[in-house]
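# Notes for the structure review
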Amino acid sequence: MPFLFEEATTPQGKPLLRILARGEVTLADAEALGARIEPGARNHRWRILSVVEKGTEYSSAARKYFPNLQPMYGAIAVFVTSPIVRAAINMMMRLTGQAPNLRLFSTEEEGLAWLDALEI
Amino acid sequence: MSVTIEGERIDQLLRIIVAAATGDYELRVPLVEEDDDEFLEVELGVNYLLEELTLGKARSDGQRQQLEARAEELAHQQSELVQALSTPVIAVWPGVLALPLVGRVDDERAATITAVLLERVTAERATHVILDLTGVGTIAGNTMPALLRMVRAIGLLGASCLLTGISPPVAQQIVALGATAGGASVRALAQLSDALAFVLAQKGALQR
C-alpha cells in the first residue's frame, strides 16, 4: 500500500494525520485518503504531514483526483527530499490551482512547525 | 528566473517531443535526481503529457474497436433483414406460395430468391408459385434468364409458376428472351388476385 496512515499529534498537541507515501500511488490509494478526510470522516479537516519517499510516483487517475481533496483537509505539509518527487507534487499543485493550505518542506520539523502555527 | 540547462537535456526533450508529434507517445524524458532545477518540472510535465496522450490513444483505440465491432454486427443484421425482406415467401393457400418482389432484382438477389423459393416449394409440396413483379421496376440485364431458370426449376419440382404484375419494360425483356425461354413456360396474369383466383379455380376451391 503506497499510503501508510498514522494518527499522531503535532509538537503542540494538535491532531495530526501522518501519511507515509511510497511506490506507485494509484486512484484507489488516493480514494482511500479521501475516505479518511471526507466530511463526516474521522480525519476531516485535520492537519496532515505527508512524508513522500524518493521514487514515489502518481498515476494519471490519482493526479486528477487529488484536487478534489482540497476542501477536506485543514492543511498539508509535504516533506519531500527527492527533486523528482518535488517536481511531481509541484505539477499536481498547478493542477489544483491555488493551494494555500499545502506547502512543501525539506525537513519534517519545518513542516510540523508550519502546521502548528496555522489557525484552522 | 534564469536557469542554465545543459544542451543535452534540451536535445533529449526535443527528440521526445518530435517523436510524440509523429504519433509515438511511448518515449519518456529520463529524469535524474541530480537535475534539481525548474527544468526538471518541465521534463516531468512532458512525461505527464505523454502519459495522458498514451491513455487517450488507448481509449480511442478501444472505442474504435467497439465501433467497428458494432458496425460489423449491424451490417450482418441488416444483411439478414434485407435477405428476409427480399424473399417474403407467403403461403397464401395450402400448396400455393406467393412471392411479391419489390425493388431491383440483380443476379445475387435472383440467386437468393431461387434458393429460398425452391426450398419452400419442396418443404411445403407446393403445386403453384405466384411470382408477383408489381413492385419490380427493372431487372438487371442478365438476371431475367436467371429468373426464367428459376421458373423452370420450379416446374421440375412439380409446381406451376405464374407471373403477375409485369411492367412494360419487364414484359419487353421476357419477350426478348422468348416466352418459353430455356423451356420455361411462363403463364402471366395481370394481378396477384387474378393468379390466386386462377389457382384456386384449378384446385376446385372456388365455385365458378
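The rules behind these values
Residues numbered from 1 in each chain as written. Chains lettered and ligands numbered in written order. Predicted model: local features only at pLDDT ≥ 70, side-chain atom pairs only at ≥ 80, totals over all residues. Helix = DSSP H or I, 4+ residues; strand = E, 2+ residues; numbered from the N terminus. Buried ≥ 20, exposed ≤ 12 C-beta atoms within 10 Å, placed from the backbone. Contact = placed C-beta atoms within 7 Å. Nonpolar A, V, L, I, M, F, W, Y, C, P; charged D, E, K, R; others polar. Pairing = 2+ DSSP bridges. Axes fitted to C-alpha atoms, helices over the stretch in contact; angles between N-to-C directions. UniProt positions renumbered as here; feature names shortened; annotations may be inferred. Arc of directions from axis to C-beta. Parallel < 35°, antiparallel > 145°, perpendicular 65-115°, else oblique. Left-handed = near helix turned anticlockwise from the far one by under 90°. pLDDT = per-residue confidence, 0-100.

The name an unreviewed UniProt entry gives chain B is STAS domain-containing protein, with Nannocystis punicea as the organism.

An unreviewed UniProt entry annotates chain A as DUF7793 domain-containing protein of Nannocystis punicea.

### Let's talk about the overall build of chain A
If you tally the helices and strands in chain A, you get 4 helices and 7 strands. For chain A, the α and β elements follow one another from N to C terminus as β-β-β-α-β-β-α-β-α-β-α. Looking at chain A as a whole, 32% of its 120 residues are labelled buried. Contacts spanning at least 24 positions in sequence make up 78% of the contacts within chain A whose residues lie at least 6 apart.

### Focus: the interface of chain A and chain B
Contacts between the two partners involve 8 residues from chain A, matched on the other side by 12 residues from chain B. Tallying contributions element by element places helix H3 (residues 83-96) of chain A first for the side of chain A that touches chain B, with 6 residues. Counted by class, the side of chain A that touches chain B contains 5 nonpolar, 3 polar and no charged residues.

### Observations concerning the sheet that holds strand S4 (residues 160-164) of chain B
All names here are of chain B. One open sheet holds the 5 strands; their spatial order is S1-S2-S3-S4-S5, and the pairing between them is mixed. One side of each edge strand has no neighbouring strand; the edge strands of this open sheet are strand S1 (90-93) and strand S5 (187-189). The mean angle between the axes of side-by-side strands here comes to 30°, regardless of whether they run parallel or antiparallel. For S1 and strand S2 (residues 96-102), the ladder comprises 3 bridges, and the chain directions are antiparallel. Bridging across to S2, Ala91 finds its partner in Leu97.

### Remarks on the UniProt feature "coiled-coil region" (unreviewed entry) in chain B
The feature "coiled-coil region" (unreviewed entry), as annotated in UniProt, sits at residues 57-84 of chain B in this numbering. Its end C-alpha atoms 40 Å apart, residues 57-84 of chain B is made of 100% helix and 0% strand.

### Quick word on helix H4 (residues 108-117) of chain A
Residue and element names in this part refer to chain A. Looking only at H4, the buried set comprises Gly111, Leu112 and Leu115. With its buried residues spanning 95° around the axis, H4 presents them on a single face. Exposed positions of H4 whose direction lies more than 90 degrees from the buried face are Glu109 and Ala117. Tucked inside the fold, the buried residues of H4 contact strand S2 (15-21), strand S4 (47-52), strand S6 (75-80) and strand S7 (102-105).

### Here's the deal with the environment of B:Thr87
Residue and element names in this part refer to chain B. In this fold, Thr87 is placed in the loop between helix H2 (38-86) and S1. Residues Thr87 and Ala110, 23 residues apart in the sequence, show an inter-C-alpha distance of 9.5 Å. Apart from the residues within four sequence positions on either side, Thr87 is in contact with Leu99, Thr112, Ile113 and Val116.

### What to know about the packing of helix H1 (residues 7-21) of chain B against H2(B)
Residue and element names in this part refer to chain B. Interaxial distance between H1 and H2 falls to 12 Å at its minimum, and their mutual angle equals 15°. Considered as vectors, H1 and H2 are oriented roughly parallel to each other. Relative to H2, the crossing made by H1 is left-handed. Packed against H1, whose contacting residues are Arg9, Leu13, Ile16, Ile17 and Ala20, the element H2 presents Phe39, Glu43, Val46, Leu50 and Leu53 at the interface.

### A look at the confidence of the model for chain B
In the predicted model, chain B carries a mean pLDDT of 87, and the fraction of residues at 70 or more is 92%. Reported for the predicted complex are a pTM of 0.65 and an ipTM of 0.85.

### Brief notes about helix H1 (residues 27-37) of chain A
All names here are of chain A. Turning to H1, its buried residues are Ala30, Leu33, Arg36 and Ile37. Down the axis of H1, the smallest arc covering the buried residues is 115°, so these residues share one side. Its buried side turned inward, H1 meets strand S1 (3-9), S2, strand S3 (24-25) and helix H2 (60-65).

### Some remarks on the sheet that holds S4(A)
All names here are of chain A. Spatial strand order, S1-S2-S4-S6-S7: 5 strands in an open sheet with mixed pairing. The open sheet terminates on both sides in strands that have one partner only, identified here as S1 and S7. Within this sheet the neighbouring strands show an average axis-to-axis angle of 20°, counted without direction. Both S6 and S7 contribute to a ladder of 4 bridges, which runs parallel. Following the sheet pairing, Val78 is matched in S7 by Leu104. Packing against the sheet, H3 makes contact with S4, S6 and S7, and its axis sits at approximately 155° to S6.

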